[in-house]
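The primary structure of each chain is shown beneath.
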Amino acid sequence: PVVVGTDHEETTVGSPEMTIPPTGPTVAPYALSNALATVRAFRYTLFFFVYDSRSDEFVIVHNAPGCDHGCHRIYRLASVTAFALRNMFPHRIQRSDRGENDFVVMMSCGDAPRIYARCLNPETRHCGSKAFAPILQFGSVFVDADILPSMIAMPLPVRPHLPCFDEWQTHNFGEGGVCRDLRPKVDFEDLAVRTGLVFGRELGMLRDGEAYWDDLVPQIVWRGTDFIFLTTMFPH
């Protein structure tokens, strides 16, 4: 077990109750037994994300010994998530000497959910996945929601996804302006190229006017990692 710090100052901003937005997924009531059933379907990079209300601390527990295949990402993910919960649900996430505010959810940080192959088979009822606890997946999710119906897609752990989300929540939900990673790469004050996105007009590559869109180069936006994709196409 590893105790998680928020790496942020305490705040009292947020809703007094934990509610689910109307447009979000519906989460059915679940127990610790549902969390344990979830663990049996994963090979690694699945974690218990626990709020221990007696100590007022968040704790993460890996489902496998060691830490490889990107599982170190969990430390950043857990810190950002812990801060979000304290920030938005202060009356739910608070110390209790009797432990009545304890909270457990599953957290996955693999590029894809690292479940056993047998759980992909509909004949196994996907290892009973309908009874799984909610899983916060910080990576790609299955197109077929029947495989892991309780999985919730979260921001990717790499820039600009999770870092920009964290910047947004720590700057009073966007009052700090647009995240640096989502701005044009050129700083117009000194014309230096910095971290950011490429916008043709801002970089002076395209002329103004309606022809801007006609001059764009067709391209693919790949959401996710590329090493499996590239080695399959170019094995040598």
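Before reading further, recall that the structure is shown in the block above.
All of the points below concern the structure found in this document. (Residues numbered from 1 in each chain as written. Predicted model: local features only at pLDDT ≥ 70, side-chain atom pairs only at ≥ 80, totals over all residues. Heavy atoms only, no water.)

Some points on the overall build of the protein
No. 1: Looking only at helices and strands, the protein has six helices and eight strands in total.
No. 2: Order of helices (α) and strands (β) in the protein, N terminus to C terminus: β-α-β-β-α-β-α-β-β-α-β-β-α-α.
No. 3: When the 236 residues of the protein are sorted by exposure, 34% land in the buried category.
No. 4: Of the contacts formed within the protein by residues at least 6 apart in sequence, a portion of 62% connects residues at least 24 apart.
No. 5: Working note: accessible area of the protein is about 14,900 Å², and carbon and sulfur atoms make up 58% of it. (Helix = DSSP H or I, 4+ residues; strand = E, 2+ residues; numbered from the N terminus. Buried < 20%, exposed > 50% of the residue type's maximum accessible area, 1.4 Å probe, protein only. Contact = heavy atoms within 4.5 Å. Areas by Shrake-Rupley, 256 points an atom, 1.4 Å probe, with all protein chains shown as cover.)

Topic: the nonpolar core
Buried together is how nonpolar side chains tend to be arranged in soluble globular proteins.
No. 1: Core analysis: the largest hydrophobic core is formed by 22 residues, its most contacted members being Phe-49, Phe-58, Leu-85 and Met-107.
No. 2: Those elements that place two or more of their residues in this core are β2 (46–52), β3 (57–62), α2 (74–88) and β4 (103–108).
No. 3: Core analysis: the second largest hydrophobic core is formed by 15 residues, Val-39, Phe-48, Met-106 and Ile-135 among them. (Core = buried A, V, L, I, M, F, W, Y, C linked by side-chain atoms within 4.5 Å.)

Points about the pairing of β3
No. 1: Relative to β3, β2 runs antiparallel, the two being bridged by six bridges. Among the inter-strand pairings, Val-50 is bridged to a residue of β3, identified as Val-59.
No. 2: Linkage of β2 to β3, two consecutive antiparallel strands, is achieved through a turn of four residues, within which Asp-56 is found at a positive phi near 60°. (Pairing = 2+ DSSP bridges.)

Re helix α1 (residues 32–39)
Each α-helix winds once per 3.6 residues, and so residues spaced three or four apart point in a common direction.
No. 1: Restricting attention to buried positions, one finds in α1 the residues Asn-34, Ala-35, Thr-38 and Val-39. Around the axis of α1, the buried residues are gathered within 145° of arc, so they sit on the same side. (Arc of directions from axis to C-beta.)

A word on the state of the cysteines
No. 1: Counting across every chain of the model gives two disulfides.
No. 2: There is a disulfide in this structure between Cys-119 and Cys-127, and the S-S distance comes to 2.1 Å. With the S-S dihedral at roughly -90°, the linkage between Cys-119 and Cys-127 falls on the left-handed side. (Disulfide = S-S within 2.5 Å.)

Section: the packing of aromatic side chains
No. 1: Counting across every chain of the model gives three aromatic pairs.
No. 2: A ring pair is formed by Phe-49 and Phe-58, whose centres lie 5.2 Å apart and whose planes are at 15°; its orientation type is stacked. In terms of burial, Phe-49 and Phe-58 fall into one category: buried.
No. 3: Between the aromatic rings of Phe-165 and Trp-168, the centroid separation amounts to 5.8 Å while the plane-to-plane angle is 35°, which identifies the pairing as tilted. Remark: Trp-168 and Phe-165 occur in helix α4 (residues 161–170); sequence separation between them is three residues, near one turn of the helix.
No. 4: A network of ring pairs unites the aromatic residues Phe-49, Tyr-51 and Phe-58 as a single cluster. (Phe/Tyr/Trp six-rings, centres within 6.5 Å; stacked < 30°, edge-to-face > 60°.)

Structural notes on unusual backbone geometry
No. 1: Residue Arg-159 is joined to Pro-160 through a cis peptide bond whose omega torsion reads 5°.
No. 2: Structurally, the position occupied by Pro-160 is in the loop between β6 (151–153) and α4.
No. 3: With phi around 50°, Thr-45 is a residue other than glycine that occupies positive phi space.
No. 4: Here the phi dihedral of His-126 falls at roughly 50°; this positive angle occurs in a residue that is not glycine.
No. 5: Mapped onto the elements of the fold, His-126 is located in helix α3 (residues 125–128).
No. 6: For His-126, a relative accessible area of 9% puts it in the buried group.

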